[in-house]
Amino acid sequence: MRRHMKAYTEIEKADSNEARHVLMKLQGLYLFMGLAGGIFNPYINPILVAQGFSSKETGFIMAFGTLISIILQPIWGIMVDKFKKTRFVLVISLLVPALLAYFYNIEVYIILILIYTLCTIFQVTQIPVADSYAVTAAKAANTSYGMIRLFGSLGTGLGGFAAGIYLSQFSIHMLWLPFLVFNVLSAILASTLPRQTSISSSSVTFSVGLARLLRNRTFLLFLIGCFLVNQTLTAFNSFFVISFQMAGGSVAMTGTALLLASITNVPSMLAAAFILRKWGHERTMLLAAGAYMLRWGIQWLWPTPEVMIGIQVLHGLSFGFFYIAAVEYVASVTGREMQATGQSLFNMVFAGLGGIVGNMLNGYLLDSGGPSLMYLACTISAALGAFILFFVSRQAKTQQSLN
């Protein structure tokens, strides 16, 4: 009996050590992914504008690329579910955009649409696959998803700050180089992850899982609320650098604002596990949607560089809480058998449709009425999203009382 107990203990200890190793690899992966994205992504629009294109034109490039990536995203789901290529998909999703980034310097509109579209087709699968790894690894290591995701925010913040310093020494057209380096490092780490995770052991195909989720009315309301809230985030992700400089901010101050925004995600994600236990997924998302409304409303009323820097302290409370709560909500609703499908569908709406509408709408508003008009529209959209999420929260509370 003792021999069996000892053997069981040794197996349990080995599993625990393996879980911790996977956790550390994922934390490093999110850090390098964050550094790559923080350095390059906020400056894609300024790179294109520096080549003579308007915000409307750059918004169309981004919207078109995102649209094509959404149409093709089910192919990634099929590859993961049917062919069990989780790790392979993650690695190529990091390497292809890294190798194509240099070509953003080509001053031909059609070619830029093609380059951005190809990059987005591969990038769109990074987060669903990495998040599915992270949710599984967090459970195995007896910790929260936020303890992994916060490294992404830390990397994004440091990347944004580093980009400001880098641009004081080098041309904006040289940003592809650090982006390439950090993506290659991310791909190396991703290649060491386990072949199998919950995302690649689904017993439900992508199409069947998609049909089931779309019949869930509460989940549909959740997706609509997420869309209305997250389309406003393009005002930060795609147009903050341009709007900040339109308001009189400098390049160096831009890096400070981006660092402040991303660093606030770290305490938010550390606190997310406690908040989620106390408030639940739905109420936490509602709190975050309210923070989005406040964030955009203040910038609408006072679109000045000082206010636009200071208000970034709300980034963690808005994006940080909202994203953690939404990802874990999807995981709890879909269960293990539809984890890949649920996270992919959420990402298609949250980052995909939200990105398309946000990039086109906010690019048009920024050109037409400046930062103030763009932030007014974002305030209204976040308020509508919060209103819908309120009903999701009410329905969840009703179901709990029935159970």
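Just so we're clear, the structure is a prediction, and the values are computed from it rather than from any experiment. (Residues numbered from 1 in each chain as written. Predicted model: local features only at pLDDT ≥ 70, side-chain atom pairs only at ≥ 80, totals over all residues. Heavy atoms only, no water.)

A short note on the overall build of the chain
From N to C terminus, the chain includes 17 helices and zero strands. Long-range pairs, those at least 24 residues apart, make up 86% of the contacts in the chain between residues at least 6 apart in sequence. (Helix = DSSP H or I, 4+ residues; strand = E, 2+ residues; numbered from the N terminus. Contact = heavy atoms within 4.5 Å.)

What about the packing of aromatic side chains?
For any two aromatic rings, the description comes down to two numbers: the centre-to-centre distance and the angle of the planes. Enumeration according to the criterion identifies 23 aromatic pairs in this entry. When the ring of F322 is compared with that of F350, the centres are 6.0 Å apart and the planes differ by 10 degrees; the resulting orientation is stacked. One end of the pair, F322, is in helix α16 (residues 314-334); the other, F350, is in helix α17 (residues 339-402), and 28 residues separate them in sequence. Both residues of the pair, F322 and F350, count as buried. An aromatic cluster is built from F219, F222, Y292, W296, F319, F322, Y323, Y329, F346, F350 and Y375, whose rings are joined through pairwise contacts. The lysine or arginine in question, R283, covers the ring of W279, its NZ or CZ lying 5.0 Å from the ring centre. Here R295 stacks its cationic end above the ring of F236, 5.0 Å away from the centre of that ring. (Phe/Tyr/Trp six-rings, centres within 6.5 Å; stacked < 30°, edge-to-face > 60°. Buried < 20%, exposed > 50% of the residue type's maximum accessible area, 1.4 Å probe, protein only. Lys NZ or Arg CZ within 6 Å of the ring centre and 35° of its normal.)

Here's the deal with the nonpolar core
Counting residues in hydrophobic clusters, the biggest one holds 106 residues, and the most contacted among them are Y104, F222 and F322. When near neighbours in sequence (up to four residues on either side) are disregarded, F322 contacts C226, V229, M285, A288, A289, Y292, F350 and L389. (Core = buried A, V, L, I, M, F, W, Y, C linked by side-chain atoms within 4.5 Å.)

Structural notes on helix α5 (residues 109-123)
For α5, which comprises 15 residues, the first-to-last C-alpha distance of 21 Å matches the rise-based estimate of 21 Å (1.5 Å per residue) to within 8%. Restricting attention to buried positions, one finds in α5 the residues L112, I113, I115, Y116, T117, C119, T120, I121 and F122. (Expected span 1.5 Å × (residues − 1).)

Some remarks on the packing of helix α4 (residues 86-100) against α5
When two helices pack together, you describe them by how their axes are tilted relative to each other and by the distance separating the axes. Where α4 contacts α5, the two axes come as close as 8 Å, and the packing angle between them is 160 degrees. Accordingly, the angle class assigned to the pair α4 and α5 is roughly antiparallel. Classified by chirality, the crossing of α5 by α4 is left-handed. On α5, the residues that touch I92, S93, V96, P97 and L100 of α4 are I115, L118, C119, F122 and Q123. Across the contact of α4 with α5, the residue classes break down as eight nonpolar, two polar and no charged. (Axes fitted to C-alpha atoms, helices over the stretch in contact; angles between N-to-C directions. Parallel < 35°, antiparallel > 145°, perpendicular 65-115°, else oblique. Left-handed = near helix turned anticlockwise from the far one by under 90°. Nonpolar A, V, L, I, M, F, W, Y, C, P; charged D, E, K, R; others polar.)

A short note on the side chain of S393
When you line up the elements, S393 lands in helix α17. When neighbours within four sequence positions are excluded, S393 is seen to be in contact with E282 and R283.

Section: helix α13 (residues 251-263)
Its 13 residues give α13 an end-to-end C-alpha distance of 19 Å, which sits within 8% of 18 Å, the value for a rise of 1.5 Å per residue. Within α13, the full set of buried residues consists of T254, G255, A257, L258, L259, A261 and S262. Each element contacted by the buried residues of α13 is listed here: α7 (146-167), α11 (234-237), α12 (240-246), α14 (265-301), α15 (305-310) and α16.

A closer look at the environment of G52
Relative to the helices and strands, G52 resides in the loop between α2 (44-50) and α3 (55-83). According to the relative accessible area criterion, G52 is exposed, its value standing at 63%. Along the primary structure G52 and E107 are separated by 55 residues, whereas in three dimensions their C-alpha atoms are 8.6 Å apart.

Re the packing of helix α10 (residues 217-230) against α16
Closest axis-to-axis distance for the α10/α16 pair is 12 Å, and the angle between their directions is 160 degrees. With respect to each other, α10 and α16 are oriented roughly antiparallel. For the crossing formed where α10 meets α16, the hand is left-handed. The residues of α16 that touch α10, namely those facing T218, F219, F222, C226 and V229, are F322, A326, Y329, V330 and V333. Residue composition of the contact of α10 with α16, by class: nine nonpolar, one polar and no charged.

Focus: the side chain of H315
Within the element layout of this structure, H315 appears in helix α16. Under the relative-accessibility criterion, H315 is labelled buried at 4%. A polar side-chain atom of H315 sits 3.0 Å from a polar atom in the side chain of R295. Beyond its immediate stretch of four places on either side in the chain, H315 contacts L233, F236, A261, S262, T264, N265, R295 and G320. (Polar contact = N/O pair within 3.5 Å; in protein donor to acceptor, adjacent residues only side chain to side chain.)

Examining the confidence of the model for the chain
Detailed conclusions should not be drawn from predicted coordinates in areas where pLDDT is low. With 86% of its residues at a pLDDT of at least 70, the chain reaches an overall mean of 81. Mean pLDDT across the elements of the chain bottoms out in helix α9 (residues 206-214) (66) and peaks in helix α8 (residues 176-190) (93). Taken as a whole, residues 4-14 scores under 50 in pLDDT and shows zero contacts with residues more than four places along the chain or in a different chain. (pLDDT = per-residue confidence, 0-100.)

Things to note about the environment of S153
With respect to the element layout, S153 can be found in helix α7. What makes S153 buried here is its relative accessible area of 1%. When near neighbours in sequence (up to four residues on either side) are disregarded, S153 contacts S262, N265 and M269.

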